[in-house]
Amino acid sequence: MFQFIKEKLKNIYSAVTSQLQSIFEKKSIDQSTIDQIQELLIKADTGIAPTKKIITHLQSAYEAGSLQEGSDVKKILHQELGLLLSKNKPLPQATIFLLVGINGSGKTTFAGKLAHFLAKQKKSCLIAAADTFRAAAPEQLTIWAQKAGASLIIGRPNQDPASVTFDACEQFKNQNFDALIIDTAGRLQTKDSLMKELEKIKRIITKQLPNHIVCTLLTVDAMLGQNSFHQAQIFHQSTALDGIVLTKIDGSAKGGIVFSIVQELSIPIAYLSWGEHIDDMTPFNPELYIQNLLGEVKLQSHKHQ
Ligand SMILES: Nc1nc2c(ncn2[C@@H]2O[C@H](COP(=O)(O)OP(=O)(O)O)[C@@H](O)[C@H]2O)c(=O)[nH]1
Ligand SMILES: [Mg+2]
């Protein structure tokens, strides 16, 4: 199992990482190296503004004569990427997690992974299946809840998701659960009715559980690159988000999207998720992420950290 995870993770962002590696090994740097780094960062979807910041620093170090070999590039990149992520605040200790995002972005899968993550911290967990539109949704969540050892409350087909949320809040209180995860229906951020429904769900939670910290997490498919950036932007305009769960990073070469999201949206990245195994997630750790991107460490599921 361990080997399997390692093998899988070895490939995360490998294209960017391996090209950076060959730059870090260079014995001398010239202008074309800086141009090459710029191209790499743009290709990895780091975004124009963050890339510009990094390149400006590299350029002035080069002109000042302090950028001479590959290891100097690595030092500056590490520092600059760290600065870009320094805004990424850790999440508050929430007990209620509301998962939102478009269809297929990985909400249900992450609900299972998060329940398992919390269960490992000895927290009893209730998952609410508030996606009452998709017939297969409860079935998929039942499997995840079983794997995670979590309890599950399922809405009736086409039951108002706000009413499922109400029932879930009652059960959460009555049975003294430690955490509540609410899996919602996929919604297009541009669809007014669905966004209104989300606000209704939020109102019910704050009314029923006023003393609890609620964390609204947006699942974002990393494979969509800059498109996922725009998705998060529009979502955030419609409903307040506390954090982003970047999913499917196993299939993406767009590791730079993290810098773009943190810099330009000011929404913290809360978790990373990859693969279909219940352990395939980790709370986002900026320093580890940078080390992974620069080829210093491999990202591992929380189980192995
Ligand atoms: N490779 C990979 N696949 C994922 C990940 N998260 C979800 N999936 C797959 O993406 C599809 C949609 O996920 P699902 O959780 O149902 O998304 P939802 O519609 O937002 O609830 C499913 O086939 C999942 O197995 C991930 O982190 N990595
Ligand atoms: Mg779902």
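Note that the structure is a prediction, hence the values are computed from the model and not measured. (Residues numbered from 1 in each chain as written. Chains lettered and ligands numbered in written order. Predicted model: local features only at pLDDT ≥ 70, side-chain atom pairs only at ≥ 80, totals over all residues. Heavy atoms only, no water.)

## Examining the site of ligand 1
- Neighbouring residues of ligand 1: 17 residues in total, closest Gly-104, Lys-107, Thr-108, Thr-109 and Asp-250.
- Between Glu-276 and ligand 1, the recorded distance is 2.9 Å, taken from a side-chain N or O atom to an oxygen atom.
- Surface burial for ligand 1 is 79%, taken as the share of its 570 Å² of free accessible area covered by protein chains.
- Sorting elements by how many residues they give to the shell around ligand 1 places helix α6 (residues 107–120) first, with four residues. (Near = heavy atom within 4 Å. Polar contact = N/O pair within 3.5 Å; in protein donor to acceptor, adjacent residues only side chain to side chain. Areas by Shrake-Rupley, 256 points an atom, 1.4 Å probe, with all protein chains shown as cover. Helix = DSSP H or I, 4+ residues; strand = E, 2+ residues; numbered from the N terminus.)

## Overview of helix α10 (residues 226–238)
- The end-to-end C-alpha distance of α10, which contains 13 residues, comes to 19 Å, matching closely the 18 Å that a straight helix rising 1.5 Å per residue would cover.
- If you check which residues of α10 are buried, you get Ser-228, Phe-229, Gln-231, Ala-232 and Phe-235. Viewed end-on, α10 has its buried residues packed into an arc of 160°, placing them on one side of the element. Those residues of α10 that are exposed and angled more than 90 degrees off the buried face are Asn-227 and Gln-237.
- Those residues of α10 hidden inside the fold are in contact with β1 (96–100), α9 (192–208), β5 (214–221), β6 (243–247) and α11 (257–265). (Expected span 1.5 Å × (residues − 1). Buried < 20%, exposed > 50% of the residue type's maximum accessible area, 1.4 Å probe, protein only. Arc of directions from axis to C-beta. Contact = heavy atoms within 4.5 Å.)

## Topic: the packing of aromatic side chains
- Under the criterion given, the structure shown has four aromatic pairs.
- In this structure an aromatic cluster arises from ring pairing among Phe-110, Phe-117 and Tyr-271.
- Against the face of Trp-144 rests Lys-147, its NZ or CZ located 4.5 Å from the ring centre. (Phe/Tyr/Trp six-rings, centres within 6.5 Å; stacked < 30°, edge-to-face > 60°. Lys NZ or Arg CZ within 6 Å of the ring centre and 35° of its normal.)

## A word on the nonpolar core
- One finds Val-73, Leu-180 and Leu-246 to be the most contacted residues of the largest nonpolar core, which totals 67 residues.
- Counting contributing residues per domain, this core is built from domain 1 (2–85) and domain 2 (96–283), each supplying no fewer than three.
- Those residues within four positions of Leu-246 in sequence are excluded, and the remaining contacts are Val-220, Ala-222, Ile-257, Val-258, Ile-261, Tyr-271, Leu-272 and Ser-273.
- Counting 26 residues, the second largest nonpolar core, distinct from the first, contains Ala-111, Trp-144, Ala-148 and Tyr-271. (Core = buried A, V, L, I, M, F, W, Y, C linked by side-chain atoms within 4.5 Å. Domains from an automatic or database assignment.)

## A look at the environment of Ser-60
- Mapped onto the secondary structure, Ser-60 falls in helix α4 (residues 48–63).
- Residue class for Ser-60 comes out partly exposed when judged on its relative accessible area of 42%.
- Engagement of the side chain of Ser-60 in a polar contact is seen with the backbone oxygen of His-57, the distance being 3.3 Å.

## Describing the sheet that holds strand β3 (residues 151–154)
- With respect to topology, eight strands assemble into an open sheet ordered β3-β2-β4-β1-β5-β6-β7-β8, the strand pairing being mixed. Among the strands making up the open sheet, the edge pair consists of β3 and β8 (281–283). Looking at each pair of strands side by side, their axes are set apart by 20° on average, direction ignored.
- Pairing geometry for β1 and β5, over five bridges, is parallel. Looking at β5, one finds that Leu-99 is bridged to Leu-217.
- Across the face of the sheet, helix α7 (residues 137–148) comes into contact with β2 (125–129), β3 and β4 (179–183) while running at roughly 170° to β3.
- With respect to the sheet, α11 is in contact with β6 and β7 (269–273), its orientation differing from that of β6 by roughly 170°. (Pairing = 2+ DSSP bridges. Axes fitted to C-alpha atoms, helices over the stretch in contact; angles between N-to-C directions.)

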